[in-house]
Amino acid sequence: MVSIAGQPLAHSHVQPLPDGGVLLVGARCRWRNGTAESNAAVYDADGELQREGVLGDGIADVQTTPSGEIWVSYFDEGVYGNFGWGEADSPAPIGSPGLIRFRPDLDIAWRYPYDGEFGAISDCYALNVAGEEAWAYYYTDFPIVRIRATAVAGWSTEVRGAHALVVADDQVVLVGGYGEDRRRLVAGSIQGEAFSVDRPARLVMPNGRPVPRTATVLGRGSELHVVVGRAGSSWASKISLHDERPRGDTATRSDHPLCLETMLSMVLSQRARSVAWK
């Protein structure tokens with residue numbers, strides 16, 4: 001635990017750093033009076049401020065790597081401008097590429113290309129950092145892309161509106177969608193140039209009720225994290241695509257690497273998880 005006193009950032013993302021410190025990033029950042037607000041702060045393991053920086057406005061997600069690099073994704077206001085960015089007398093939004101990798105010193109190391117093969121990012125709906133590589137899924141065409149160093153690979157999808165993704169080797173699960181598909185899961189594999197869909201499923205509570213709209217759902221590597229909180233109480237669950245496969249009569253499709261209906265109900269009952277895939 002790192003105790004931080006009096007930090008001013010609102011709507012913060014928090015991420016671990018390899019030396020035991022933490023990174024705090026505020027989602028919003030104003031440009032006013034000819035300068036930008038600082039919205040990133042690095043604290044050491046004792047909670048002492050080490051440095052501050054500007055990562056831009058409209059931040060959707062922040063995820064760090066084992067080496068301390070920082071991946072930042074942006075929603076549409078961060079891409080196209082708001083809060084003073086992108087006006088006639090102000091600079092272009094920092095987040096205009098939609099996805100940026102920052103160095104540990106908070107300087108930019110790499111930007112997603114505007115003219116890349118898989119189209120520009122208007123709104124990065126999902127980010128997943130696994131080791132030193134990043135995966136993203138974004139509006140408007142909703143491809144799945146993987147970035148290794150500066151090399152970008154991508155796969156087209158027909159899945160619209162997902163807000164999280166989980167990856168394990170060539171297996172991918174897209175979580176969420178528009179409207180009634182808010183807790184949909186679509187599992188499949190990346191083959192050739194496209195995302196090959198296996199079948200959809202739903203993310204539900206243990207009693208079968210919908211996951212609350214206020215829940216935080218995000219992917220890191222092969223793990224899907226679900227956090228539900230309210231005043232005075234909260235709980236969290238983690239589901240891994242690498243968990244043990246079900247066996248016996250319940251494993252009606254256990255030969256498939258992502259047998260959602262059987263695999264995760266078995267995993268949850270064995271390991272006392274709080275969320276089920278159904």
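Since the structure is predicted, the reported quantities are computational estimates derived from the model, not experimental observations. (Residues numbered from 1 in each chain as written. Predicted model: local features only at pLDDT ≥ 70, side-chain atom pairs only at ≥ 80, totals over all residues. Heavy atoms only, no water.)

A. Layout of the sheet that holds strand 1 (residues 12-16). Strand order in the open sheet made by the four strands is 1-2-5-6, with antiparallel pairing throughout. Strands with a single pairing partner mark the edges of an open sheet, and in this sheet they are strand 1 and strand 6 (49-53). Geometrically, the sheet is characterised by an average inter-axis angle of 15° between neighbouring strands, direction not taken into account. (Pairing = 2+ DSSP bridges. Helix = DSSP H or I, 4+ residues; strand = E, 2+ residues; numbered from the N terminus. Axes fitted to C-alpha atoms, helices over the stretch in contact; angles between N-to-C directions.)

B. Looking closely at unusual backbone geometry. The backbone of Asn33 shows a phi angle near 55°, a positive value even though the residue is not glycine. With respect to the secondary-structure elements, Asn33 resides in the loop between strand 3 (31-32) and strand 4 (35-36). A positive phi angle, close to 80°, is found at Leu106, a residue other than glycine. Here Leu106 lies in the loop between strand 9 (99-102) and strand 10 (108-111). Classification of Leu106 as buried rests on a relative accessible area of 6%. (Buried < 20%, exposed > 50% of the residue type's maximum accessible area, 1.4 Å probe, protein only.)

C. Quick peek at the environment of Ala194. Checked against the element boundaries, Ala194 lands in strand 18 (residues 194-204). Judged by relative accessible area, Ala194 falls into the partly exposed class, the value being 32%. For the pair Ala194 and Ser156, spaced 38 residues apart in sequence, the C-alpha to C-alpha distance is 4.7 Å. Setting aside chain neighbours within four positions, we find Ala194 in contact with Trp155, Ser156 and Ser189. (Contact = heavy atoms within 4.5 Å.)

D. Layout of the nonpolar core. Counting residues in each nonpolar core, the largest one holds 17 residues, and the members touching the most others are Val173, Val175, Leu185, Leu203, Val217, Leu224 and Val226. If you list the elements that add at least two residues to this core, you get strand 15 (164-168), strand 16 (171-175), strand 17 (184-191), strand 18 and strand 20 (223-230). Listed in part, the 16 residues of the second largest apolar core include Phe142, Ala162, Leu165 and Ile190. (Core = buried A, V, L, I, M, F, W, Y, C linked by side-chain atoms within 4.5 Å.)

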